[in-house]
Amino acid sequence: MGANTAFNGSGAGWTFPLPTPNIAGSVTAPELPMLVDNPEIYAGLTYPWSRAINPEPGVPQQITEGVYWVRFPMPMGLDHINIWLLEDDDGWVVVDTCLDLPRSREIWEQLFAGFLKDKQVTRVICTHMHPDHVGLAGWLTERFDCQLLMTREEFLLCRSLVSDTGRPAPEVAIRFYQAAGYSEAQIENYRKAFGGFGRAVYRLPDSFRRLKDRETLTIGGRYWQIIVGSGHSPEHACLYCPALKILIAGDQVLPRITPNVSVFPTEPESDPLQEWLQSCARIRELLPDDLLVLPAHEAPFRGLHVRLTQLIETHKRELNQLYEHLAEPKRVVDCFPALFKREITGDHLSLATGETLAHLNCLQRRRQIDFDIDAQGVRWYRQLPESIAFD
């Protein structure tokens, strides 16, 4: 299971106290902690500052001229997000924002009083609409009266999901999870958790600046090209700077985690996995391999093409495993062992369901499997006898 596995719950876990970051009150650029070269090669990727690098929360680290890395802690299994600060001629461009939590705001306030004090934030860019990326976008744009830049699908879908906060779970969603084989207790847990998406997202602005695939932005006298991918989210924006040989990858390319690719009740017949596979192949074709990849989680790395190939091959392998698993009819919840090494329980259940359905829908679109519906409305998936495993 990949990034953002904590956003399907009730939101209660987001109040877990975080350690107070030790941040100097007036950090200036000359006093920044400098990253110490400590290259490590692992699983085909090169980490310039090792895989284990873990910057002190809230303390900016200079990646290269005009590009700074700030790690924000999060109270969940995926315990941090990497925020990127790009120095512009007249201010700062912020890429991603963290969850709307008191500790996150505190870290931002310390940055405003210290490292960022001499210039305003002039633009906020969100790679996609998941709460750890967009959570404080509205708060920042309101504070500095500046633009939010996102792709259209991400902005509109985020507003839609946030509007579910406080609503009861719709019946169409209940039927969706019943069809997957949920027990009554699991359905009740879903009802209680519904609407949690918006609990860590500050109100988005009423307008935004749309980002489009392959367009360019000028930041700090250099151009950054928008590269859009789909699957993990519908219209995920990466930022590529040819001059600096840097890719700000968001969740599109992570060095260790395989980003979650899921089907949800809002679009139950979708095929996000095929979109994901096509996006990975397209980005591998579009971009050079010698880039420093700045991911939203874990450590910066080199080896973009290797990692994209690994992501593609992982899902191909999982599709074959799932196909073989369906030699006898199975419900969605019976398919977890084909895709996940650990037992699926609690807060991981809905995203495991979504990811399993993404693989099932992909196989069904390829006419390798089909399903029957029993008297209780549960779907039983099975191999089609004339089909062959996917290569």
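Our subject is the structure listed above.
Analysis parameters
- Residues numbered from 1 in each chain as written.
- Predicted model: local features only at pLDDT ≥ 70, side-chain atom pairs only at ≥ 80, totals over all residues.
- Heavy atoms only, no water.
- Axes fitted to C-alpha atoms, helices over the stretch in contact; angles between N-to-C directions.
- Helix = DSSP H or I, 4+ residues; strand = E, 2+ residues; numbered from the N terminus.
- Parallel < 35°, antiparallel > 145°, perpendicular 65-115°, else oblique.
- Left-handed = near helix turned anticlockwise from the far one by under 90°.
- Contact = heavy atoms within 4.5 Å.
- Nonpolar A, V, L, I, M, F, W, Y, C, P; charged D, E, K, R; others polar.
- Pairing = 2+ DSSP bridges.
- Buried < 20%, exposed > 50% of the residue type's maximum accessible area, 1.4 Å probe, protein only.
- Lys, Arg positive; Asp, Glu negative; His and termini not counted.
- Salt bridge = Lys/Arg side-chain N within 4 Å of Asp/Glu carboxyl O.
- Polar contact = N/O pair within 3.5 Å; in protein donor to acceptor, adjacent residues only side chain to side chain.
- Core = buried A, V, L, I, M, F, W, Y, C linked by side-chain atoms within 4.5 Å.
- Arc of directions from axis to C-beta.

## Focus: the packing of helix H7 (residues 272-286) against helix H8 (residues 304-325)
Remark: H7 packs on H8, axes separated minimally by 9 Å, with the N-to-C direction vectors making an angle of 155°. The orientation of H7 relative to H8 falls into the category roughly antiparallel. Viewed along their axes, H7 and H8 form a crossing whose handedness is left-handed. Packed against H7, whose contacting residues are Leu273, Trp276, Leu277, Cys280, Ala281, Ile283 and Arg284, the element H8 presents His305, Leu308, Thr309, Leu311, Ile312, His315 and Leu319 at the interface. Residues belonging to the contact of H7 with H8 are distributed by class as follows: ten nonpolar, three polar and one charged.

## Re the sheet that holds strand E5 (residues 80-87)
Taken in spatial order, the seven strands of this open sheet run E3-E4-E5-E6-E7-E8-E9, and their pairing is mixed. The sheet is open, and its two edges are formed by strand E3 (61-64) and strand E9 (209-211), each paired on a single side. Each adjacent strand pair in this sheet contributes to an overall mean axis angle of 25°, direction not counted. In the sheet, E5 pairs with strand E6 (residues 92-95) via four bridges, with the strands oriented antiparallel. Bridging across to E6, leucine 85 finds its partner in valine 94. Running over the sheet, helix H1 (residues 102-113) touches strand E4 (67-73), E5, E6 and strand E7 (121-125) and is turned about 150° from E4.

## Describing the side chain of arginine 71
As for its placement among the helices and strands, arginine 71 is situated in strand E4. Lacking a salt bridge, the buried arginine 71 has aspartate 79 as its closest oppositely charged neighbour, with an N-O distance of 6.3 Å. Separated by 3.0 Å, the side chain of arginine 71 and the backbone oxygen of glutamate 298 make a polar contact. When neighbours within four sequence positions are excluded, arginine 71 is seen to be in contact with Ile53, Asn54, Pro55, Glu56, Pro57, Gly58, His80, Ile81, Asn82, Glu298 and Ala299.

## Let's talk about the pairing of E5
Most of E5 sits out of view: seven of its eight residues are buried. Here seven bridges tie E4 to E5, and the two strands are oriented antiparallel to one another. Bridging across to E5, valine 67 finds its partner in leucine 86. Turn length for the E4-E5 hairpin, with the two strands adjacent in sequence and antiparallel, is six residues. Remark: four residues form the turn of the hairpin made by E5 and E6, two consecutive strands paired antiparallel.

## Points about unusual backbone geometry
A positive phi angle, close to 80°, is found at serine 50, a residue other than glycine. Examined against the element boundaries, serine 50 turns out to sit in the loop between strand E2 (45-47) and E3. What makes serine 50 buried here is its relative accessible area of 10%. Even without glycine at this site, glutamate 298 takes up a positive phi of about 75°. Classification of glutamate 298 as buried rests on a relative accessible area of 12%.

## Some remarks on the nonpolar core
Within soluble globular proteins, side chains that are nonpolar tend to cluster in buried spots. Judged by nonpolar contacts, the single largest core of 82 residues is most densely connected at Ile63, Ile125, Trp224, Ile246, Ile248 and Leu360. With sequence-adjacent residues up to four places away left out, tryptophan 224 is seen in contact with Val67, Leu86, Glu215, Thr216, Leu217, Ile219, Leu239, Tyr240, Cys241, Leu244, Ile246 and Ile248.

## Focus: helix H4 (residues 152-162)
Those residues of H4 that fall on the buried side of the exposure criterion are Glu154, Phe155 and Cys158. Around the axis of H4, the buried residues are gathered within 100° of arc, so they sit on the same side. On its buried face, H4 sits against helix H2 (131-134), strand E8 (147-151) and strand E12 (236-241).

## Details of the pattern of salt bridges
Throughout the structure, instances matching the rule amount to 19 salt bridges. Here glutamate 65 and arginine 222 are joined by a salt bridge, their closest N and O atoms 3.1 Å apart. A residue pair is termed long-range when its members are at least 10 positions apart, and glutamate 65 in the loop between E3 and E4 and arginine 222 in strand E11 (residues 222-229) qualify at 157 residues. Of the charged contacts in the structure, one is a salt bridge between lysine 119 and glutamate 87, with a shortest N-O distance of 3.2 Å. Within this pair, whereas lysine 119 is found in the loop between H1 and E7, its partner glutamate 87 is found in strand E5, the two being separated by 32 residues in sequence. For lysine 119, a relative accessible area of 25% gives the class partly exposed. We classify glutamate 87 as partly exposed; its relative accessible area is 30%.

## Some details on the pairing of E11
Both faces of the sheet carry side chains from a regular strand, because those side chains alternate between them. In terms of burial, E11 is largely enclosed, as six of its eight residues are buried. As paired elements, strand E10 (residues 216-219) and E11 share four bridges and run antiparallel to each other. Its bridge partner being in E11, threonine 218 is matched across the sheet by tyrosine 223. Counted along the chain from E10 to the antiparallel partner E11, the turn is two residues long, and its residue glycine 220 has a positive phi close to 60°. With five bridges connecting them, E11 and E12 associate as antiparallel partners. The residue of E12 that forms the bridge with glycine 229 is histidine 236. The antiparallel pairing of E11 with E12 creates a hairpin that spans six residues between the two strands, and glycine 231 there sits at a positive phi of about 120°.

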